Amino acid sequence: MKYEVTPDLITGHDMIDREHRQLFDAVNQLLDSFSDNKKAGKEQVNHAAAFLTSYVDKHFAHEEELQKKSGWREFETHHKFHEEYKRQLKEILDRIPEEGPGIQNMSEINVHVVRLITHIRTMDKRLGVFLKTVE
Ligand SMILES: [Fe+2]
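Residues numbered from 1 in each chain as written. Predicted model: local features only at pLDDT ≥ 70, side-chain atom pairs only at ≥ 80, totals over all residues. Heavy atoms only, no water.

1. Looking at the nonpolar core
Next, step 1: Core analysis: the biggest nonpolar cluster contains 29 residues, and Phe24, Leu30, Leu52 and Ile109 have the highest contact counts within it.
Next, step 2: Those elements that place two or more of their residues in this core are α1 (14-40), α2 (42-70), α3 (75-94) and α4 (103-134).
Next, step 3: Beyond its immediate stretch of four places on either side in the chain, Leu52 contacts Leu23, Ala26, Val27, Leu30 and Leu89.
Next, step 4: Among the nonpolar cores identified, the runner-up in size contains six residues, and Ile16, Trp72, Leu127 and Phe130 belong to it. (Core = buried A, V, L, I, M, F, W, Y, C linked by side-chain atoms within 4.5 Å. Buried < 20%, exposed > 50% of the residue type's maximum accessible area, 1.4 Å probe, protein only. Helix = DSSP H or I, 4+ residues; strand = E, 2+ residues; numbered from the N terminus. Contact = heavy atoms within 4.5 Å.)

2. Some remarks on α4
Next, step 1: For α4, built from 32 residues, the straight-helix expectation of 46 Å at 1.5 Å per residue is met to within 8% by its first-to-last C-alpha distance of 45 Å.
Next, step 2: The principal kink in α4, of about 40°, is found at Ile120. (Expected span 1.5 Å × (residues − 1). Bend = angle between axes of the 7 residues up to and from the residue.)

3. Looking at the packing of aromatic side chains
Next, step 1: One pass over the structure, following the stated rule, counts five aromatic pairs.
Next, step 2: Their ring planes at 25° and their centres at 5.5 Å tell us that Phe81 and Tyr85 sit as a pair that is stacked. In this pair, Phe81 and Tyr85 both sit in helix α3, four residues apart, roughly one turn of the helix. Like Tyr85, Phe81 is buried. (Phe/Tyr/Trp six-rings, centres within 6.5 Å; stacked < 30°, edge-to-face > 60°.)

Given below as structure tokens:
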């Protein structure tokens, strides 16, 4: 199964939607690296995990910049969600054992991505609607 930006997740803001696609690509790559792990080793997993972490940081920062510039009233709650999300992502990735990821790691990531999907469907979409009125 691959994560993708389905029509119900489109925020209407081009940059945000583009970055969400790339973010899902990064998640898919990480999950792929889990199943490739036996062949490719931990290096590929580490690489995909580092890329996802840095991409999430970058994307959340971009979204927050847009919110600050436009004076979005939900900035504080949105920012809180982002911070908590990054913290949990780090925790989950840090739990991947040296000998490679297992089913538990995989399921934690899936649960975490579902939380992001809910976030996109609610907070990010509200932001997208708002940005259309000010840009
Ligand atoms: Fe967001």
